[in-house]
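So the chains spell out like this:
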Amino acid sequence: MPLFDLAIRGGTVVTASDTFRADIGIRDGRIVSVADGVEGAAEEIDASGLLVLPGGIDSHVHIAQDSGPGITMADDFCSATRAAAAGGNTCVMPFAMQKKGESLRGAVEAYRRLAEGSCLIDVAFHLIISDPTPEVLGQELPALLKDGFTSFKVFMTYDDLVLSDRQLLDVFDVARQEGALVMVHAEGYDAIRYMTERLERAGETRPIGHALSRPEIVEREAAHRAISHAELVDVPIMIVHVSGREAMEQVRWAQARGLKVYAETCPQYITLTASDMDQVGMEGAKYVCSPPPRDEDSQRAIWEGLQQGVFHTVSSDHCPFRYDDPEGKLNPRGPSSFRWVPNGIPGIETRLPILFSEGVSAGRISLNRFVELTATNHAKLYGLYPRKGSIGIGFDADLTIWDPNRRETIRQADLHHGPDYTPWEGFEVTGWPVTTIAGGRVVFDRGRFVDDAPRGRVLERDLSPYAVPRGAGLRTSLFAG
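This is a predicted model, so every value here is computed, not measured.

What to know about the overall build of the protein chain
1) Next: Looking only at helices and strands, the protein chain features 13 helices and 22 strands.
2) Next: Computed over C-alpha atoms, the radius of gyration of the protein chain comes to 22 Å, within 12% of the 23 Å expected from 2.2 N^0.38 for 481 residues, which places it in the range of a compact globule.
3) Next: By principal-axis analysis of the C-alpha atoms, the protein chain measures approximately 70 × 60 × 40 Å.
4) Next: The contacts of the protein chain with a sequence gap of at least 6 include a subset with a gap of at least 24, amounting to 78%.
5) Next: Here the protein chain has roughly 17800 Å² of accessible surface; of this, 48% comes from carbon and sulfur atoms.
6) Next: For the protein chain, the centre of its 49 positive side-chain charges and the centre of its 67 negative side-chain charges are spaced 3 Å apart.

Printed below as a string of structure tokens:
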């Protein structure tokens, strides 16, 4: 019998720490050999002249999520995981969202039923807590964390999701006790409502009003408030989708003080600007997301954060809606005000090529930093390491083979996601994922699906070592023991 199910030969292996030439032997969905030469495989892939990287992990995506009356997301688990795999990803992490008045446990069970039997690659759920009742905080959340759903997201804005400061503190306290990692959407709810009403009274209802209603100060204030609450409770937090200089500097300030504050950013904040929303008619709706893209100085600030280690992950924040659709961006209420335009853009398939091109190919970050930002840190922060996130004996055989010199133009016609547009139409990139291997099986190769059977698993995760409190300061002195 063959020694290996699959061998990848002749490629340059890249991890977050090392770059070296090696062959990789795979058996039963795991990496079992990394060596100068691997012989005796049932199948072989010649990766000569190419890079072999850990498969991308996108730890912030929205799939098949309720988006309000009359609005429907454009991706289910089947289409989203197909698109993710085509873009070089082997694991994605969407959100099981609790609605106000409903059970958190019930939300997870219902979401799992949607995912199981539909995913091309592995998925792992975060939770979204919108109604932190005593039952949720005292029973459901601790039990779900023990069941392997070890991170959750809270919102500081949106009518149906926003938590008060007191609720945030209570939720943070449970996270500290149970060892969960908290993700925070940091935008100030009341400031956004105030700005929105002012703009509407002034007659500014176009999509650009979305950016005007959420200036950087709104994100900066909320980030500072979240950091302050986290310091008081002594709980590590992840500030997600940081968009520009002011919020980035809040995170950097916290890190300089020794606080466990992690940060994520997204491709839209290094490539798009608010001016993309300032177009004729409703075209700008294609770019409406929160926080909104800013300006060129904000893009430079994001690169500073990526280069200096302020940011730990780059995710897509994939939140897909169709444009030309009454249940999407062009819903009947959208033209009356930007506040009714569904909030989010697609990016699950384009995240990796954009960051590779703008980062590695442009000389802004190294290959190793790219791997760290797109795979390794996601696995480490969210309890998937050492199963996923790197290349070594015992890891899942989740790999992506890259042609670093291949030039492509991103076009909607070539993508596999559910939406009918991409914000990056016509965007040229250098560096392209040519083959995606998930669990030891080639699922996508050179523009076509080789194996698109829904064999992806819903994963339970370990507690994150990055969620361990500092054990210092006011929180410890008041509540120790």
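Quick notes on the pairing of strand 7 (residues 51–54)
1) Next: Note that strand 2 (residues 12–14) and strand 7 share two bridges and pair parallel. When the bridges of strand 7 are listed, valine 13 appears paired with valine 52.
2) Next: Relative to strand 18 (residues 399–409), strand 7 runs antiparallel, the two sharing four bridges. Across the sheet, residue valine 52 finds its bridge partner in strand 18, namely isoleucine 401.

Concerning the packing of helix 3 (residues 134–146) against helix 4 (residues 165–178)
1) Next: Across the interface, helix 3 lies against helix 4 with an axial gap of 11 Å and an inter-helix angle of 40°. Considering the angle they form, helix 3 stands oblique to helix 4. Here the hand of the crossing between helix 3 and helix 4 comes out right-handed. Here Leu137, Leu141, Pro142, Leu145 and Lys146 of helix 3 lie close against helix 4, whose contacting residues are Asp170, Val171, Val174 and Glu178.
2) Next: The class makeup of the residues in the contact of helix 3 with helix 4 is six nonpolar, no polar and three charged.

Details of the sheet that holds strand 6 (residues 41–46)
1) Next: Taken together, four strands build an open sheet; the order of strands is 5-4-1-6 and the sheet is mixed. Of all strands in the sheet, those with a lone pairing partner are strand 5 (30–35) and strand 6, marking the two edges. Recorded for the sheet is a direction-independent mean angle of 20° between the axes of neighbouring strands.
2) Next: In this sheet, strand 4 (residues 23–27) lies alongside strand 1 (residues 4–9) in antiparallel orientation, the contact comprising three bridges. Bridge pairing in strand 4 places alanine 7 opposite glycine 25.

Calculation notes
- Residues numbered from 1 in each chain as written.
- Predicted model: local features only at pLDDT ≥ 70, side-chain atom pairs only at ≥ 80, totals over all residues.
- Heavy atoms only, no water.
- Helix = DSSP H or I, 4+ residues; strand = E, 2+ residues; numbered from the N terminus.
- Rg over C-alpha atoms; globule rule 2.2 N^0.38 Å.
- Contact = heavy atoms within 4.5 Å.
- Areas by Shrake-Rupley, 256 points an atom, 1.4 Å probe, with all protein chains shown as cover.
- Lys, Arg positive; Asp, Glu negative; His and termini not counted.
- Charge placed at Lys NZ, Arg CZ, Asp CG, Glu CD.
- Pairing = 2+ DSSP bridges.
- Axes fitted to C-alpha atoms, helices over the stretch in contact; angles between N-to-C directions.
- Parallel < 35°, antiparallel > 145°, perpendicular 65-115°, else oblique.
- Left-handed = near helix turned anticlockwise from the far one by under 90°.
- Nonpolar A, V, L, I, M, F, W, Y, C, P; charged D, E, K, R; others polar.

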